[in-house]
Structure formats: C-alpha cells, structure tokens
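As a plain string of letters, each chain reads:
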Amino acid sequence: MKKLEIRNLSFEYKENTKTLDDVSFSASMGEFICILGHNGSGKSTLAKLIMGLLKPTSGEILIDGVILNEETVEDLRGKLGIVFQNPDNQFVGVTVKHDIAFGLENRLVKSEQMEAIIYEYIQKVGLDKFMDYEPQNLSGGQKQRISIARAIARKPEILIFDDSFSALDYKTDKMLRAQIKEKLD
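Within each chain, residues carry numbers counting from 1 in the order of the written sequence. Note on the predicted model: pLDDT of at least 70 is required for a residue's local features to be given, and 80 or more for side-chain atom pairs to be given and counted; whole-chain, interface and lining totals, by contrast, use all residues. As a rule here, side-chain values cover all heavy atoms of the structure and leave hydrogens and water aside.

Novice: Is there a simple way to think about the nonpolar core in this case?
Specialist: Definition of nonpolar core: a set of buried residues of the types Ala, Val, Leu, Ile, Met, Phe, Trp, Tyr and Cys, connected through side-chain atoms within 4.5 Å. Three labels apply to residues, based on accessible area from a 1.4 Å probe with only protein chains included: buried if under 20% of the type maximum, exposed if over 50%, partly exposed otherwise in between. Grouped together as the largest cluster of nonpolar side chains are 24 residues, with contacts concentrated most on Ile 100, Leu 104, Ile 118, Ile 122, Val 125 and Ile 146. Working definition: helices are DSSP H or I runs of at least four residues, strands are E runs of at least two. Numbering for both runs from the N terminus. Take this core: its biggest share by element is six residues, from helix α5 (residues 140–153). Contacts were defined at the residue level, with two residues in contact if any of their heavy atoms lie within 4.5 Å. Aside from chain neighbours lying at most four places away, what touches Ile 146 is Phe 91, Val 96, Asp 99, Ile 122, Leu 127 and Leu 138. Residues Leu 20, Ile 50, Met 51 and Ile 158 belong to the second largest nonpolar core, which totals 21 residues.

Novice: Is there a simple way to think about helix α1 (residues 43–50) in this case?
Specialist: Residues three or four positions apart in an α-helix share a direction because the helix packs 3.6 residues into each turn. Thr 45, Leu 46, Ala 47, Leu 49 and Ile 50 are the residues of α1 that are buried. The inward-facing, buried residues of α1 abut β1 (4–14), β2 (17–27), β3 (58–63), β5 (80–83) and β6 (158–161). Positioned one or two residues after α1, Gly 52 has a phi angle of 80 degrees, which is positive.

Novice: Mind showing me how you'd approach the side chain of Glu 5 here?
Specialist: For Glu 5, the location among the structural elements is in strand β1. Overall, the relative accessible area of 18% leaves Glu 5 in the buried class. Polar contacts involving the side chain of Glu 5 include one to the side chain of Arg 7, which spans 3.3 Å. Discounting residues that sit within four places of it in the chain, Glu 5 has contacts with Phe 25, Ser 26, Glu 60, Ile 61 and Leu 62. Polar contact is defined as a pair of N or O atoms within 3.5 Å, subject to the rule that within protein one atom must be able to donate a hydrogen and the other to accept it, and that residues adjacent in sequence are counted only when both atoms are side-chain atoms.

If you want it as structure tokens, here you go:
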C-alpha cells in the first residue's frame, strides 16, 4: 500500500479556472517526491490540499489507503507535517520553545517527555540559544529553521516542505537536509 496517493486531483479557486488539473502520483514510505514549477503553478495549493486545508474540486487524496475527507481529516492530519513557505504563517507560541511545544501538545506528548524533545530538535537546527526568544524577533532563516524543528519534532509519517529552504544560507540548508534525511531513514 502506498503511504500517499493522489488520484485525478483537480482544484479551482475560481470557477472554470483550474489551479490543478487531473494530478495523480503516489509515494511510498521513505520516498522523496519533488514537485517543481513556476510561481502560481499550484505547488502550495497541492500542499494545502494534502493537509486538508482545502477541499479538492474533484479527485481523491489517500493516506495509508484512507480517503482524506471531512470525517477523516483530523485523524489523518496527525500523520502529516508541513513547513510552509512563509514561517510567520505558522507561529502560535509566544516563545520558540512554546511554539515547538504546541505541535507536541497536539500529538498528546506527555509533558515530562516534551522538554527533551524540544531541546533535541532545536539543537538539530542550531538554535538552542534562541529557545526563549519571541519568534517574530528572529531573522527569516531562523524562523524557517524553527518551523522545520516544529515539524520534525512531531515525527510525522509524511513531511511536506513548501519552498521552506528558500531563505536559508547554503551551509544551513545542506546541514538541515542531511539531518532530515537521517531522521526519516
């Protein structure tokens, strides 16, 4: 069984103007899929559809063979992690530490385990000295790194990156990609 299946997926923001038109692909556990396209080609829309943030005009999204719909979205979302292109759209915590904790709380991680998990993943992105900072006071690249730490700390089965490495310097980009690949292997 495929981990993720996209079957004949179409989506329209405006009637008769397809953002996505009959998209199909699948991914198995451990597989990396890269979707390339120009600005406005539907990459972010596809990510939002997979996360259940938008409803397809037609077609299906299956996760572990279960169709993503209004009845299954909450359960299936627990298997998904996303790092959006703009990290400011994801921050909910008053500090970096609280922001990472929020995702873990939603996964019902016990509070006595949470501190160690937060520290482990904030170290992985090289920002452990920023744990008590307010996210809005960080640079764009630091914000992206915090978003990545939040996503991978939840240990999702499917991880979606929506152009989330664009503001990182080359050295950090390379280091984070290697750590993410190692964590997923």
